[in-house]
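# A structural walkthrough
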Amino acid sequence: MNLSVQLAPKNKKGLLLANPVMTASGTFGYGTEYSHLFDIQKLGAIVCKGTTLKPREGNPQPRLAETPCGVLNSIGLQNIGVEAVIREKAPVWAGWQVPVVVNIVGESIEDYAQLAGKLDGVAGIGGIEVNIGCPNIKAGGAEFGARPESAAEVTAAVKAVTSLPVLVKLTPNTGDIAGVAKVVMKAGADAISLINTPRGMVVDIDKRRPLLGNIFGGLSGPAIKPIALYMVYAVAGAVEVPVVGGGGIITASDALEFIMAGASAVQVGTANFTNPRAPLDVLEGIEQFMKKEGIEDIAELIGVGRG
Ligand SMILES: Cc1cc2nc3c(=O)[nH]c(=O)nc-3n(C[C@H](O)[C@H](O)[C@H](O)COP(=O)(O)O)c2cc1C
C-alpha cells in the first residue's frame, strides 16, 4: 500500500510525508516529549508548538477549560523562542526520519518575515507552517487570517525569505475562509492547513467572571469537527494546492472523513491530551480501512467523499 503524500509539489525541496498523519501545533510539544511513548518516526510529520521571535510566558492562568466535547485554551503562545528552537531542537530533528514543520507566529508582518528568514536553511526543519490566527497588533488586533489582504501579505512576506515549503494555517474566525485560501495560494503558499481554533468563552458563575484568565480562548476537539470538515471541503474546492485538514480528529474514521472531503493529510491535536498515541492509532486505523477496502494508494481516497 502507498500512503505517501507530497504536500509541496510546486516547491523545489518538496515536503514528502510517508503517510498523511501529522500532529497539530501546540498539542505535541517539539515531538521530543513523546518519543519515549511510541515510535514517532512512524508518523507523516510533526508540527511543533507555535514559535515566536522571543520566548513567551503565555497568558495568565487558568488557561484551559473543558467544554462539552471539547477544550477551550488560551495558552497565549508560551514557547521557547526561535533561537532556542534552532539551537536546541533542530539538531535533534535533523537525526529524525519524520519531517518536522515549525509553526511560526508573529504580531506584525515583519515578525513573520524575520522568523521565516531565521529558519531558512536550518538542518532538521522540513517546512514552515504560518499561523495567521494571531492578532495583528498594528491593525487593531484583528487576526491576520481574518481578512484576505493581511493573510496574503503575511504569506508573501514569508515566501520572499525562505525556500522551505510553506503551509499557511487558516483561522475559522473569518467570514470567507475559501476567499482567504485563494489569495493565500496566489501569494505563494505551497499548501494550506486548517482549521485553527474558533473563539469561545466560559463563565464561572460562582466567581461571576470569565473562567479563563484571558477571558476568551480557542475551542478544539470533537465539538468543532463538523465546522472544520465543512471548511476543509470549501477550501479544497477553491484551491489547487494540497490541503491539510484537522479539527476534532480522534479516530481513523474522523481522519478519513477529512481525507474524503479533500484533505491530502490530517492533523491530530486535542486527541493527544487524552491518548498520546492517538496519531499512531489514527494511522493504523487508516491502514486497516485501506486493507479492508482493497485500496492500494491513499490518493484514491482524497476527495472521494465530496459528493
Ligand atoms: C493547547 C493548544 C495549543 C495550541 N497551540 C497552537 C499553536 O501554537 N499554533 C497553532 O497554529 N495552533 C495551535 N493550536 C491549534 C491546534 O493546532 C489545532 O489547529 C486545533 O486545536 C484544532 O484541532 P484539534 O481539534 O484536533 O485540536 C493549539 C491547540 C490547543 C488545544
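The structure reproduced in this document is the subject of the present report. (Residues numbered from 1 in each chain as written. Predicted model: local features only at pLDDT ≥ 70, side-chain atom pairs only at ≥ 80, totals over all residues. Heavy atoms only, no water.)

## Let's talk about the site of the ligand
With respect to spatial proximity, 23 residues lie near the ligand, and among them S25, K169, G221, G248 and T270 are the closest. The contact in question runs from an oxygen atom of the ligand to an N or O atom on the side chain of K49, over 3.0 Å. A distance of 2.8 Å separates an oxygen atom of the ligand from a polar atom in the side chain of K169. Here the ligand loses 96% of its free accessible area of 600 Å² to cover by the protein chains. Here the shell around the ligand is composed, by residue class, of six nonpolar, 15 polar and two charged. (Near = heavy atom within 4 Å. Polar contact = N/O pair within 3.5 Å; in protein donor to acceptor, adjacent residues only side chain to side chain. Areas by Shrake-Rupley, 256 points an atom, 1.4 Å probe, with all protein chains shown as cover. Nonpolar A, V, L, I, M, F, W, Y, C, P; charged D, E, K, R; others polar.)

## Points about the packing of aromatic side chains
One pass over the structure, following the stated rule, counts four aromatic pairs. Between Y112 and F144, the ring centres sit 5.3 Å apart and the planes meet at 85°, which makes this aromatic pair edge-to-face. Taken together, the residues span a long stretch of sequence, with Y112 in helix α2 (residues 109-119) and F144 in the loop between β8 (127-131) and α3 (148-161) at a distance of 32 residues. Taken individually, Y112 and F144 each receive the classification buried, so the pair is uniform in this respect. Seen from their ring centres, Y230 and Y233 are 6.4 Å apart, and the 35° between their planes marks the pair as tilted. Linking Y230 with Y233, this pair stays in helix α5 (residues 225-236), spanning three residues, or about one helical turn. When its relative accessible area of 56% is taken as the criterion, Y230 is described as exposed. The class for Y233 is partly exposed, based on a relative accessible area of 33%. Ring pairs connect the aromatic residues F28, Y34 and F38, which therefore count as one cluster. (Phe/Tyr/Trp six-rings, centres within 6.5 Å; stacked < 30°, edge-to-face > 60°. Helix = DSSP H or I, 4+ residues; strand = E, 2+ residues; numbered from the N terminus. Buried < 20%, exposed > 50% of the residue type's maximum accessible area, 1.4 Å probe, protein only.)

## Examining the nonpolar core
In terms of nonpolar packing, the biggest core is built from 95 residues, with W93, I104, V130, L170, I192, L194 and I286 touching the most fellow members. Residues in contact with L194, not counting those within four places in the same chain, are L170, I177, M231, V232, V235, V243, V244, G245 and G246. (Core = buried A, V, L, I, M, F, W, Y, C linked by side-chain atoms within 4.5 Å. Contact = heavy atoms within 4.5 Å.)

## A closer look at the sheet that holds strand β16 (residues 265-268)
Pairing in this open sheet of eight strands is parallel, and the strands run β3-β16-β15-β10-β9-β8-β7-β4 from one edge to the other. Only two strands of the sheet have a single partner each, and these edge strands are β3 (21-23) and β4 (46-47). Taken together, the three bridges between β3 and β16 define a ladder with parallel strand orientation. Pairing of V21 across the sheet is with V266, part of β16. (Pairing = 2+ DSSP bridges.)

Structural measurements only, silent on function.
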